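Each chain is listed here by its residues.
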Amino acid sequence: MTERYNIKECEAKWRAKWDDNNCFEAHEDADKEKYYVLEMFPYPSGRIHVGHVRNYTLGDVVARYRRAKGYNVLRPMGWDAFGLPAENAAIDRGVHPAKWTISNTAEMREQLKSMGLAIDWSREITTCMPEYYRHEQKMFLRFLKNGIAYRKESIVNWDPVDNTVLANEQVVDGKGWRTGAPVERKKLNQWFLKITDYADDLLEGLEALDRWPEKVRTMQKNWIGKSQGLKLNFTIFHPEQSEGSQNKGEDFSANPEMTLEVFTTRPDTIFGASFAAIAADHPLAEKLAGEKEGFADFIRQCQATGTSEAAIEQAEKLGFDTGYTVQHPFLEDVKLPLYIANFILMDYGTGAIYGVPAHDQRDYDFAQKYDLPIKQVIDHDEANTEQEAYTGAGKLINSDFLNGLDIENAKAEIIKQCEELGIGEGTTQYRLRDWGISRQRYWGCPIPVVYRESDGACIPVPEDQLPVELPEDIDFSKPGNPLDNHPTWKHTTCPQTGQPAIRETDTFDTFFESSWYQFRYCDPHNETEPVGKDKSDYWMPQSGGVEQYIGGVEHAVLHLLYARFFTRAMKTCGYVSCDEPFLGLFTQGMVTHETYQDTDGKWLFPYEYEALNDKSVAKVGPSIKMSKSKKNVVDPEDILDTYGADAARLFILSDSPPERDLEWTESGIEGAWKFVNKLHRIISDSIDNLPGANTPKPSDFSEKASELRSVSHKTINGISKSIEDFAMNKAVAQMRELSNAISSFRPEGETDQWALRESFEILIKLINPMMPHLAEELWSQLGHENLLTNEPWPIADESLLKEETVTIGVQVNGKMRATINIAMDANEETAREAALAQDNVQRTMDGKQIRKFIYVPGKIVNLVIG
RNA sequence: GGGCGCGUGGUGGAAUGGUAGACACGUUGGAUUCAAAAUCCAAUGCUCUUAGAGCGUGAGAGUUCGAGUCUCUCCGCGCCCACCA
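Let us look at the structure shown here. (Residues numbered from 1 in each chain as written. Chains lettered and ligands numbered in written order. Predicted model: local features only at pLDDT ≥ 70, side-chain atom pairs only at ≥ 80, totals over all residues. Heavy atoms only, no water.)

**Brief notes about the overall build of chain A**
Part 1 of the reasoning: Across its full length, chain A holds 28 helices and 35 strands.
Part 2 of the reasoning: For the C-alpha atoms alone, the extent of chain A along its principal axes is close to 110 × 90 × 65 Å.
Part 3 of the reasoning: By the burial criterion, 53% of the 866 residues in chain A qualify as buried.
Part 4 of the reasoning: Expressed as a percentage of contacts within chain A between residues at least 6 apart in sequence, the contacts between residues at least 24 apart total 72%.
Part 5 of the reasoning: Total accessible area computed for chain A in this model is approximately 39,600 Å², and 46% of it derives from carbon and sulfur atoms.
Part 6 of the reasoning: Between the centroid of the 95 positive side chains of chain A and the centroid of its 136 negative side chains there is a distance of 3 Å. (Helix = DSSP H or I, 4+ residues; strand = E, 2+ residues; numbered from the N terminus. Buried < 20%, exposed > 50% of the residue type's maximum accessible area, 1.4 Å probe, protein only. Contact = heavy atoms within 4.5 Å. Areas by Shrake-Rupley, 256 points an atom, 1.4 Å probe, with all protein chains shown as cover. Lys, Arg positive; Asp, Glu negative; His and termini not counted. Charge placed at Lys NZ, Arg CZ, Asp CG, Glu CD.)

**So, the protein's contact with RNA strand B**
Part 1 of the reasoning: As a structural note, the neighbourhood of RNA strand B is formed by 53 residues, with Thr265, Lys317, Arg362, Lys730 and Lys859 the closest of them.
Part 2 of the reasoning: Within 4 Å of the protein, the contacting atoms of RNA strand B are drawn from sugar and phosphate to the extent of 61%.
Part 3 of the reasoning: With respect to RNA strand B, the side chain of Lys859 contributes an N or O atom lying 2.4 Å from a base oxygen.
Part 4 of the reasoning: For the surface near RNA strand B, the element with the highest residue contribution is helix H24 (residues 728-743), accounting for six residues.
Part 5 of the reasoning: Looking at the surface near RNA strand B, its residues break down into 17 nonpolar, 17 polar and 19 charged. (Near = heavy atom within 4 Å. Polar contact = N/O pair within 3.5 Å; in protein donor to acceptor, adjacent residues only side chain to side chain. Nonpolar A, V, L, I, M, F, W, Y, C, P; charged D, E, K, R; others polar.)

**Quick word on the pattern of salt bridges**
Part 1 of the reasoning: Under the counting rule described, the total for this entry stands at 38 salt bridges.
Part 2 of the reasoning: With a closest N to O distance of 3.9 Å, Arg47 and Glu107 form a salt bridge. With Arg47 in the loop between strand E1 (34-39) and helix H2 (50-68) and Glu107 in helix H4 (residues 97-113), this residue pair connects regions lying 60 residues apart in the sequence.
Part 3 of the reasoning: For Arg47, a relative accessible area of 35% corresponds to the partly exposed category.
Part 4 of the reasoning: Residue classification places Glu107 among the partly exposed positions, given a relative accessible area of 41%.
Part 5 of the reasoning: Between Glu529 and Arg142 there is a salt bridge, and its shortest N-O distance comes to 4.0 Å. With Glu529 in the loop between helix H16 (517-520) and helix H17 (533-539) and Arg142 in helix H5 (residues 130-145), this pair connects stretches of sequence that are 387 residues apart. (Salt bridge = Lys/Arg side-chain N within 4 Å of Asp/Glu carboxyl O.)

**As for the nonpolar core**
Part 1 of the reasoning: Counting residues in hydrophobic clusters, the biggest one holds 174 residues, and the most contacted among them are Phe143, Phe565, Phe566, Trp664 and Met735.
Part 2 of the reasoning: Contact partners of Phe566, with chain neighbours within four places excluded, come to Met139, Phe143, Leu193, Trp435, Phe512, Ser515 and Trp516. (Core = buried A, V, L, I, M, F, W, Y, C linked by side-chain atoms within 4.5 Å.)

**Overview of the sheet that holds strand E6 (residues 164-166)**
Part 1 of the reasoning: Taking strand neighbours across the sheet as the criterion, the four strands line up as E6-E5-E9-E19 in an open arrangement whose pairing is antiparallel. Looking at which strands have only one partner, the edges of the open sheet turn out to be E6 and strand E19 (435-436).
Part 2 of the reasoning: Pairing of strand E5 (residues 149-159) with strand E9 (residues 184-193) involves ten bridges; the strand directions are antiparallel. Considered in E9, the bridge of Ala149 is made with Leu193. (Pairing = 2+ DSSP bridges.)

**A few points about the packing of H24 against helix H25 (residues 750-767)**
For any two helices packed against each other, the geometry comes down to the angle between their axes and how far apart the axes lie.
Part 1 of the reasoning: Contact pair H24 / H25: the axes reach a minimum separation of 11 Å and the direction vectors enclose 160°. For the element pair H24 / H25, the angle class is roughly antiparallel. For the pair H24 and H25, the sense of crossing is left-handed. Between H24 and H25, the contacting residues are Met735, Leu738, Ser739 and Ile742 on the first element and Leu756, Ser759, Phe760, Ile762, Leu763, Leu766 and Ile767 on the second.
Part 2 of the reasoning: Tallied by class, the residues present in the contact of H24 with H25 amount to nine nonpolar, two polar and no charged. (Axes fitted to C-alpha atoms, helices over the stretch in contact; angles between N-to-C directions. Parallel < 35°, antiparallel > 145°, perpendicular 65-115°, else oblique. Left-handed = near helix turned anticlockwise from the far one by under 90°.)

**Some words on the packing of aromatic side chains**
Part 1 of the reasoning: Under the criterion given, the structure shown has 43 aromatic pairs.
Part 2 of the reasoning: Consider the rings of Phe143 and Phe566, whose centres lie 5.4 Å apart with planes at 70°: the pair is edge-to-face. Within this pair, whereas Phe143 is found in helix H5, its partner Phe566 is found in helix H18 (residues 559-572), the two being separated by 423 residues in sequence. With respect to class, Phe143 is no different from Phe566; both count as buried.
Part 3 of the reasoning: With a centroid separation of 4.0 Å and 10° between ring planes, the pair formed by Phe586 and Phe726 is classed as stacked. Here Phe586 is found in strand E27 (residues 585-588), whereas its partner Phe726 is found in the loop between helix H23 (703-724) and H24, with 140 residues between them in sequence. (Phe/Tyr/Trp six-rings, centres within 6.5 Å; stacked < 30°, edge-to-face > 60°.)

**Quick word on the environment of Leu345**
Part 1 of the reasoning: Position of Leu345 relative to the elements: it lies in the loop between strand E14 (335-341) and strand E15 (352-355).
Part 2 of the reasoning: For the pair Leu345 and Met845, spaced 500 residues apart in the sequence, the C-alpha separation amounts to 71 Å.
Part 3 of the reasoning: Residue contacts for Leu345: discarding those within four places in its chain leaves Ala279 and Gly351.

**Thoughts on a negative patch on the surface**
Part 1 of the reasoning: On the surface, Glu131, Glu469, Glu472, Asp473 and Glu527 cluster together into a negatively charged patch.
Part 2 of the reasoning: Here Glu131 is to be found in helix H5. (Patch = residues over 30% accessible without salt bridge, like charges linked within 9 Å, V, L, I, M, F, W, Y side chains within 5 Å.)

**Looking at the packing of helix H6 (residues 199-208) against H18**
Part 1 of the reasoning: For the pair H6 and H18, the least separation of the axes is 11 Å and the interaxial angle reads 110°. By the criterion of interaxial angle, the relationship of H6 to H18 is roughly perpendicular. Facing Asp201, Leu202, Gly205 and Leu206 of H6, the residues of H18 in contact are Leu561, Arg564, Phe565 and Arg568.
Part 2 of the reasoning: Residues of the contact of H6 with H18, tallied by class, amount to four nonpolar, one polar and three charged.

**Re the pairing of strand E13 (residues 319-327)**
Part 1 of the reasoning: Across the nine residues that make up E13, a large majority, seven, are buried.
Part 2 of the reasoning: The pairing of strand E10 (residues 227-237) with E13 spans two bridges and is antiparallel. Along E13, the bridge assignment pairs Phe237 with Thr325.
Part 3 of the reasoning: Here E13 pairs with E14 via six bridges, running antiparallel. Residue pairing in the sheet places Phe320 in a bridge with Ile340 of E14.

**Brief notes about the sheet that holds strand E33 (residues 815-823)**
Part 1 of the reasoning: Here we have four strands laid out as an open sheet, ordered E33-E32-E35-E34, and mixed in their pairing. Across the chains shown, the open sheet's two edge strands, defined by having one partner strand only, are E33 and strand E34 (850-856). For this sheet the average axis-to-axis angle between neighbouring strands, irrespective of direction, equals 20°.
Part 2 of the reasoning: For E34 and strand E35 (residues 860-865), the ladder comprises six bridges, and the chain directions are antiparallel. When the sheet's bridge partners are listed, Ile854 is paired in E35 with Asn862.
Part 3 of the reasoning: Running over the sheet, helix H27 (residues 828-836) touches strand E32 (805-812), E33, E34 and E35 and is turned about 115° from E34.

Geometric values such as these leave the question of function open.
Take a look at the structure:
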């Protein structure tokens with residue numbers, strides 16, 4: 001009997017050994033196949049949470065497995081270090097953001113290290129350091145030269161609590177994604193990146209990402225939102241001209257101010273149009289209706305309608321009749337009334353539509369309210385335009401030259417006609433907008449441009465004057481942008497003329513940093529370039545970037561789309577050759593925990609609930625995502641301290657498939673801890689009787705030894721496949737099965753002992769990616785001098801994988817009645833005899849004839865009787 | 001409103017169209033112990049009286065020799081998007 005496994009000491013010992021031997025440092029090696037594993041880097045909030053533990057454990061299994069398989073693995077780590085919490089800490093506690101951030105990274109680095117992760121720490125990056133952000137300033141200048149970055153005045157989403165601009169992606173239900181405050185609209189000069197130039201490429205690229213979850217690809221596809229349609233020009237008529245007059249001789253089409261451009265994806269329904277409408281903030285709205293009575297009220301009403309889903313759901317369709325009309329392009333006698341309507345969005349299409357009530361529900365509602373004609377132009381059995389709009393397939397009717405065509409052909413025909421007449425053209429429209437990257441914050445990368453005071457010219461800061469560093473003496477007591485408030489920092493001179501100039505006081509959106517960090521890891525200490533081409537071409541060549549990227553699904557359209565865009569932009573600028581940054585993507589589920597509430601609805605900590613003598617004054621709530629306010633957070637440091645890294649890792653891998661939510665339970669982590677101890681005990685108890693490490697393989701084995709060997713070798717392939725499939729819970733199950741087989745094995749004699757040692761060694765190698773400390777310890781206890789971490793993955797002996805006999809089911813008319821044990825390759829006759837020999841089969845057959853006999857070797861026998 | 005996904009024991013979850021419930025958690029009984037913890041052994045889908053039989057993957061239909069798995073309809077849940085013309 002060996003002494004009890006001292007988890008803490010032992011784990012620390014092996015971590016030190018890996019460090020001393022630089023086990024996980026990656027080097028470019030053209031002779032080895034590379035494998036780049038990356039997990040989304042953390043924001044240095046100060047402490048790791050269980051979600052991090054899950055994320056990095058998954059990555060560690062992949063990294064250690066691939067390493068053992070002989071790949072040249074790159075597995076780096078860093079800090080997504082710019083962001084608002086640092087500024088909030090500065091405001092709340094008076095700590096400087098830099099100091100707060102850096103001390104947080106120090107703490108979290110130690111926490112991560114205590115998990116025993118196979119990380120190349122020599123490549124660590126921290127995005128708030130000038131060594132990192134100077135490169136993105138240079139990159140920005142190159143983006144400018146290549147027309148990828150530009151500046152324009154625009155209406156932006158303004159978060160009144162954080163006092164900053166938000167990207168569309170950061171507005172959720174009309175509220176700021178962090179503060180939850182209703183977003184306001186504000187006009188500002190902002191920097192943008194032309195992500196829309198790459199819209200089509202980003203969309204097409206999704207096709208090739210077959211190792212991405214379908215869900216994420218769909219979300220990106222919907223976000224890009226490509227739709228084909230027609231842009232069509234209508235001529236606008238003055239109220240006097242249209243009012244029942246025969247005056248249609250006047251040609252306004254030559255007057256661009258009096259034409260209205262609309263966008264539609266259903267040009268086929270043009271003959272069903274009964275009105276036109278523009279957005280409240282359309283430039284023509286003020287011009288056509290500004291003087292009219294009630295207009296100001298109407299605009300106010302439009303703005304008052306919230307953008308939350310509930311508001312939209314219930315919002316009535318509201319219109320304001322301008323009195324103007326537009327000429328129907330194909331029906332000379334028809335002039336459509338022109339409305340300003342609250343359901344038209346200025347920032348999609350042209351901010352103007354023509355309404356076809358019979359075939360669009362919104363137009364239908366609008367037409368009902370304002371008593372406009374509902375003219376059906378698509379015929380189908382299911383269409384009932386008395387009741388609601390019909391949007392399905394059908395044939396064109398009431399549509400002159402389009403009659404009889406199906407929708408697709410009608411679209412093509414009408415677009416052709418419009419193009420020939422010069423009144424419209426077929427176009428592609430995207431939902432995706434350019435990415436606004438200006439933020440009125442201190443703790444971000446300064447945008448490296450200055451504005452000359454004399455003429456306001458925007459001058460890029462020359463490369464040799466970079467980086468533009470953040471000032472350290474900063475005052476957070478005043479509201480607004482601290483950089484703007486700084487007494488001296490923004491005052492500088494024009495690098496071209498030497499005249500006084502003002503620095504850009506906005507900083508980059510922090511998604512900027514995380515859009516290219518995957519490249520920086522390839523060459524983290526390069527002083528002149530973001531990444532050396534030789535390095536990026538080795539780790540992220542044209543044909544492939546990161547082999548396996550792992551993170552939360554919440555980044556499906558933000559970070560993951562930006563990073564794909566950046567990869568293309570960087571390629572355009574000649575930095576890299578790679579088309580896609582992440583070839584494989586795995587999105588993990590959340591970690592949840594039970595909640596506890598007392599009868600007043602007050603949340604309780606688990607220990608508070610446990611301490612209650614009378615449990616009826618509180619109730620156990622559902623297991624939901626851990627959050628401070630719900631008091632159901634588990635601190636990984638406590639877990640690592642109590643149970644050790646291996647137990648924590650094992651539990652997090654074992655209970656649920658990684659893509660699903662995982663419920664954190666006390667009993668679960670305890671079960672994992674017990675298993676760690678059990679495995680240690682099993683091996684320690686057997687060790688004295690095992691043959692030495694390099695004892696030659698015996699030629700014959702007992703039956704039970706052969707069976708054990710067969711199980712062990714099958715498990716090699718089983719676990720390998722499970723890890724490659726990201727089915728870590730199944731890998732754990734298989735590992736436990738093998739350990740159960742081993743612990744019930746009673747060796748008798750030398751060859752049995754040899755087989756036992758072989759199975760131990762296989763098991764140890766297989767658990768290594770999941771529980772590396774324990775594996776390393778057991779490996780050394782078995783008498784090995786080298787590090788297990790440097791051992792290759794075991795290879796299954798093919799001859800042990802074959803099944804000689806198999807137990808298969810016997811069905812009668814498809815119902816299971818018995819099982820038989822026959823040779824794997826037994827012929828049909830043998831199977832029939834064995835099946836018919838079963839009492840239960842005979843009884844069920846009840847003397848009836850066999851009409852059909854089905855035998856699938858190794859699978860099933862089915863007797864069809866009757 | 002649109003899109004995607006999911007419904008399997010008391011619980012987490014396994015099942016290339018072929019023995020449903022692997023592996024665990026929990027529970028029950030037993031061994032060990034002065035006692036407890038830990039450990040070990042056994043049982044554990046449901047129903048019926050044990051040997052045994054019947055029924056079972058949200059509901060209903062279909063395809064098939066055979067369906068948790070494929071198809072359709074319905075019910076329930078979750079996520080994402082959303083006045084996107």
